[in-house]
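# Remarks on the overall topology
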Amino acid sequence: MAIYSSPLKIGNLEVHSRVLQSPLSGVTDLVFRRLVRRFAPDSMLYTEMVNATEISQLQELPQLMVIGDKEQPISMQLFDCRPDFMAVAAKKAVKEGAMTIDINMGCPVNKITKKGGGSSLLRQPEIAEQIVREVVGAVSVPVTVKTRLGWNAQEINIIDFARRLEDAGAQMLTLHARTREQGYHGPADWQWIKRVKEVLSIPVIANGDIVSVEAAINCLEFTRADGVMCSRGTLGYPYLVGEIDYYLKTGKNLPKPTSIDLLSLAKEHLQGLWLYKGQRGIWQARKHLAWYCQDFTGAALWRERFSRIESLGEGCDLIDGAIAQLNLENENIYR
Ligand SMILES: Cc1cc2nc3c(=O)[nH]c(=O)nc-3n(C[C@H](O)[C@H](O)[C@H](O)COP(=O)(O)O)c2cc1C
């Protein structure tokens, strides 16, 4: 496992971590990324996916594209199917501070695939190739792709697809080891990551079910991938990327946060969302608070309460209440 403490090379860029925080729409905003960054100082983080057509036409860029101070290394993920719009959007993303441009070729959502973006590009490899070529021609930062195995179990075309993307100039491929039809269900099939790694020269990042240090090690040992990308395992747990990174670099586990640590972080997350987005941030915080609240007696009831908060004060009071209960019942367990 020694190579996993060495830098990850993405084209001409060196990233001092082989653990990446995935783009998560509705989650990986600046507030969440700051929490992840605290525990994972070296890892590549990603913005939420950004609609390239929309931003290629906008004068004023959406909050989604704002990259803060000290966020590097960071990548911006774009989606759509028009190579020319993708190229314009990529230039804007670089101007905002993106160190790589990632192209989404994996999103399964109907609204996006119907317009030819996301995972539907797996069925249009020529267009996918053209997008990569145009974006590579438009920006001087590395261009990467995140995709899936294929449209469904009968149409797994990732080997040919990945080769085409590499030939078109992609500098790294992240493979979510499920088909479009699977959505987020069933176990990720890491076998395909291993096969893709065998045929590509660019770095291959394993994605799907990287939910713990143990899962990351098993995946890396099995696939020989160049790194791992964490996704749902980070929901309500911004420690995960840092925990895996620390283990890969030192062979040691960081101490686990307790339930109270998590609730305290949840409060910070809520306050951050309020400051950054106002009332919209409060509504978005509901799901985050529920995710932080796991594995202790009565957690389901607290989750229910968190999912209805209307204000910062209400959210903070509830979190304080949950912490007080954990202290009272001496139930501050390690997650
Ligand atoms: C709420 C949510 C939002 C997501 N948003 C994005 C996105 O914007 N871009 C992307 O490439 N993948 C997105 N994904 C997919 C994840 O990045 C990842 O590929 C997938 O969840 C598989 O990893 P996992 O099994 O560890 O969760 C999203 C997944 C979830 C659950």
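Residues numbered from 1 in each chain as written. Predicted model: local features only at pLDDT ≥ 70, side-chain atom pairs only at ≥ 80, totals over all residues. Heavy atoms only, no water.

Enumeration over the complete set of coordinates arrives at 0 disulfides. Cysteine Cys 316 is unpaired, with the sulfur of Cys 293 as its nearest cysteine sulfur at 15 Å. (Disulfide = S-S within 2.5 Å.)

The buried fraction of strand E6 (residues 74-79) is high, at 6 of 6 residues. Where burial is concerned, the two faces of E6 agree: the one with Ile 74, Met 76 and Leu 78 and the one with Ser 75, Gln 77 and Phe 79 are both buried. Where strand E4 (residues 45-46) meets E6, 2 bridges bridge the pair, whose relative direction is parallel. Each bridged residue has a counterpart across the sheet, and for Tyr 46 the counterpart in E6 is Ser 75. Across 2 bridges, strand E5 (residues 50-51) lies against E6 in parallel orientation. Note on E6: the bridge partner recorded for Val 50 is Leu 78. In terms of strand pairing, E6 meets strand E7 (residues 100-105) through 4 bridges, oriented parallel. Bridge pairing in E7 places Gln 77 opposite Asp 102. Each parallel crossover has a hand, and for E6 linked through helix H3 (residues 83-96) to E7 it is right-handed. (Buried < 20%, exposed > 50% of the residue type's maximum accessible area, 1.4 Å probe, protein only. Helix = DSSP H or I, 4+ residues; strand = E, 2+ residues; numbered from the N terminus. Pairing = 2+ DSSP bridges. Right-handed = clockwise from strand over helix to strand, strands pointing away.)

On to the UniProt feature "domain: DUS-like FMN-binding" (unreviewed entry) in the protein. The UniProt feature table records "domain: DUS-like FMN-binding" (unreviewed entry) at residues 21-322. From the first C-alpha to the last, residues 21-322 spans 28 Å; its make-up is 47% helix and 12% strand. (UniProt positions renumbered as here; feature names shortened; annotations may be inferred.)

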